[in-house]
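Chains, contacts and geometry: an overview
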Amino acid sequence: MSCTIIVGGFFGDEGKGKVVAHIAHKDEPVIISRGGVGPNAGHTVMVGDQTYGVRMVPSGFVYKKAKLCIGSGVLVDPRVLEHEVEMLGVRGRVFVDKRCGIITEDHIARDKSSTHLSKKIGSTGSGCGPANSDRVMRISPQAKDVPELAEYLLDVPLAINDALKKNKTVLLEGTQGFGISLYYGTYPFVTSKDTSASQIAADNGVGPTKIDDVIVVFKAYPTRVGEGPFSTEMTTAKSDAMGIQEFGTVTHRQRRVGGWDGDMARYSAMINGCTQAAITGIDNIDKACFGITDYNKLTKKALAFLKQAEEDIGSPITLISTGPEMSQIIDIRDEQ
Ligand code: IMP
Ligand code: MG
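So, a few notes on the structure that sits alongside this text. Quantities reported herein were computed from a predicted structural model and do not represent experimental measurements. (Residues numbered from 1 in each chain as written. Chains lettered and ligands numbered in written order. Predicted model: local features only at pLDDT ≥ 70, side-chain atom pairs only at ≥ 80, totals over all residues. Heavy atoms only, no water.)

Some words on the overall build of the protein chain
The helix and strand tally for the protein chain stands at 10 helices and 16 strands. Radius of gyration (C-alpha) of the protein chain: 19 Å, near the 20 Å computed for a compact globule of 336 residues. Along the first, second and third principal axes, the C-alpha set of the protein chain runs to 55 × 50 × 35 Å. Counting all 336 residues of the protein chain, 58% fall into the buried class. (Helix = DSSP H or I, 4+ residues; strand = E, 2+ residues; numbered from the N terminus. Rg over C-alpha atoms; globule rule 2.2 N^0.38 Å. Buried < 20%, exposed > 50% of the residue type's maximum accessible area, 1.4 Å probe, protein only.)

Structure representation (structure tokens):
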């Protein structure tokens, strides 16, 4: 009976996909709709021994009863979408807003051949920057102009607002992270759009008064892919020694790893209007926490970390992810 936004609090790849998948199973939304930039984002969802990487389909797809929507603000690459719909077997459940901007082969070629984007900024090469640029210039095609997308078209904001009027539950999933927001991130080393909760609401045509909760997902040890400042970054030797080694879902580049950044967490929580926070990778703070699902089994070391993080964020931490698999999570939202 609510509308919740889930966004990334650091530089992306905080584990939003897994958090969304868990919340979807627990809260049973009728619609899960995606905001954010476009197929530059990669969400990983692991269910049992199956791992899925998605770039266009909302990561809540593992919850089978929800409609899966892509909001008007998002860029759609019809080839990526078609591939995922086939691969995941979700045809009939996926809807694209008729006004979504379209990524063409030309956008991808421009993203990859631009030294500024591909080398200096370290873009994902998925065409998002050039596509958003054309959209601002008002020369970009929209989803309704692409015949292959006809079967997916929907007025997504209307569907969401109708569901909310009927007191149903809706999840709005963000992509990327706060630190690469075009407005609030480490400009120019950012993506081509704002990534904060307000943007995710706007992307889906949901007014600010309709949002009940904003869950900001923070990683115990944040990571960053691509170029740009990262104040708490550690050497690869150190993160390797700690057993933290991650690779991007879209580009397969090794992610840079850093320590907890309390100042960034505070600022990010403020701009996102965080009401509750999720922490992922607590098993990197203390390996003994791997896979546990009971709050009372968290170690002293983990609890001390969570206390500090909660103070920094200024909102309760109600979700604690203890491993990559969907069920490896502690959910104390009800106890708030
Ligand atoms: P672009 O969005 O492809 O133009 O890339 C701009 C910057 O944002 C690069 O540093 C990318 O690595 C980063 N970026 C874009 N999307 C994501 C994401 O979903 N997760 C993490 N980094 C991202
Ligand atoms: Mg990602």
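A look at the nonpolar core
Counting 53 residues, the largest nonpolar core has Ile279 and Ile313 as its most contacted members. Ignoring any residue separated from it by four or fewer positions in sequence, one finds isoleucine 279 in contact with Phe218, Ala220, Trp260, Phe305, Leu306, Ala309, Ile313, Ile317, Leu319, Ile320 and Ser321. (Core = buried A, V, L, I, M, F, W, Y, C linked by side-chain atoms within 4.5 Å. Contact = heavy atoms within 4.5 Å.)

Quick look at the sheet that holds strand β11 (residues 213–219)
The strand order β9-β7-β5-β2-β10-β1-β11-β14-β15-β16 describes an open sheet built from 10 strands, whose pairing is mixed. Across the chains shown, the open sheet's two edge strands, defined by having one partner strand only, are β9 (153–154) and β16 (329–331). Two strands pair when backbone bridges link them, and strand β1 (residues 3–8) and β11 are joined in this way by five bridges, in the parallel orientation. Pairing of valine 7 across the sheet is with valine 216, part of β11. Contacting β1, β2 (31–34), β5 (67–70), β7 (94–97), β9 and β10 (170–173), helix α6 (residues 156–165) runs over the sheet at an angle of about 140° to β2. (Pairing = 2+ DSSP bridges. Axes fitted to C-alpha atoms, helices over the stretch in contact; angles between N-to-C directions.)

Things to note about the packing of helix α3 (residues 105–113) against helix α5 (residues 128–136)
Closest axis-to-axis distance for the α3/α5 pair is 7 Å, and the angle between their directions is 120°. Accordingly, the angle class assigned to the pair α3 and α5 is oblique. As for the relative orientation of α3 and α5, their crossing is right-handed in sense. Seen from α3, the contacting residues are His107, Arg110 and Asp111; seen from α5, they are Cys128, Gly129, Pro130, Ala131 and Asp134. (Parallel < 35°, antiparallel > 145°, perpendicular 65-115°, else oblique. Left-handed = near helix turned anticlockwise from the far one by under 90°.)

With respect to the site of ligand 1
Around ligand 1, the surrounding shell holds 16 residues, and the nearest of these are Asp13, Asn40, Thr124, Thr191 and Arg253. Between ligand 1 and valine 225, the relevant distance is 3.1 Å, taken from an oxygen atom to a main-chain nitrogen or oxygen of the residue. Its free accessible area being 470 Å², ligand 1 has 96% of it covered by the protein chains. For the shell around ligand 1, the residue count by class is six nonpolar, eight polar and two charged. (Near = heavy atom within 4 Å. Polar contact = N/O pair within 3.5 Å; in protein donor to acceptor, adjacent residues only side chain to side chain. Areas by Shrake-Rupley, 256 points an atom, 1.4 Å probe, with all protein chains shown as cover. Nonpolar A, V, L, I, M, F, W, Y, C, P; charged D, E, K, R; others polar.)

A word on the environment of alanine 24
By secondary structure assignment, the location of alanine 24 is in helix α1 (residues 16–27). Along the primary structure alanine 24 and phenylalanine 61 are separated by 37 residues, whereas in three dimensions their C-alpha atoms are 8.9 Å apart. Not counting residues within four places of it along the chain, the set of residues in contact with alanine 24 comprises Pro29, Ile32, Tyr63 and Leu171.

Focus on the pattern of salt bridges
Scanning the model with the defined rule gives 23 salt bridges in all. A salt bridge links lysine 98 to aspartate 155; the nearest nitrogen and oxygen atoms lie 3.9 Å apart. Here lysine 98 is found in the loop between β7 and β8 (101–102), whereas its partner aspartate 155 is found in the loop between β9 and α6, with 57 residues between them in sequence. Classification of aspartate 155 by relative accessible area gives partly exposed; the value is 24%. Salt-bridge contacts for lysine 219 lead to glutamate 246; the nearest nitrogen and oxygen are separated by 2.7 Å. Linking lysine 219 in strand β11 with glutamate 246 in the loop between α8 (236–241) and β13 (256–257), this pair joins segments that are 27 residues apart in sequence. In this pair, the class of lysine 219 matches that of glutamate 246, namely buried. (Salt bridge = Lys/Arg side-chain N within 4 Å of Asp/Glu carboxyl O.)

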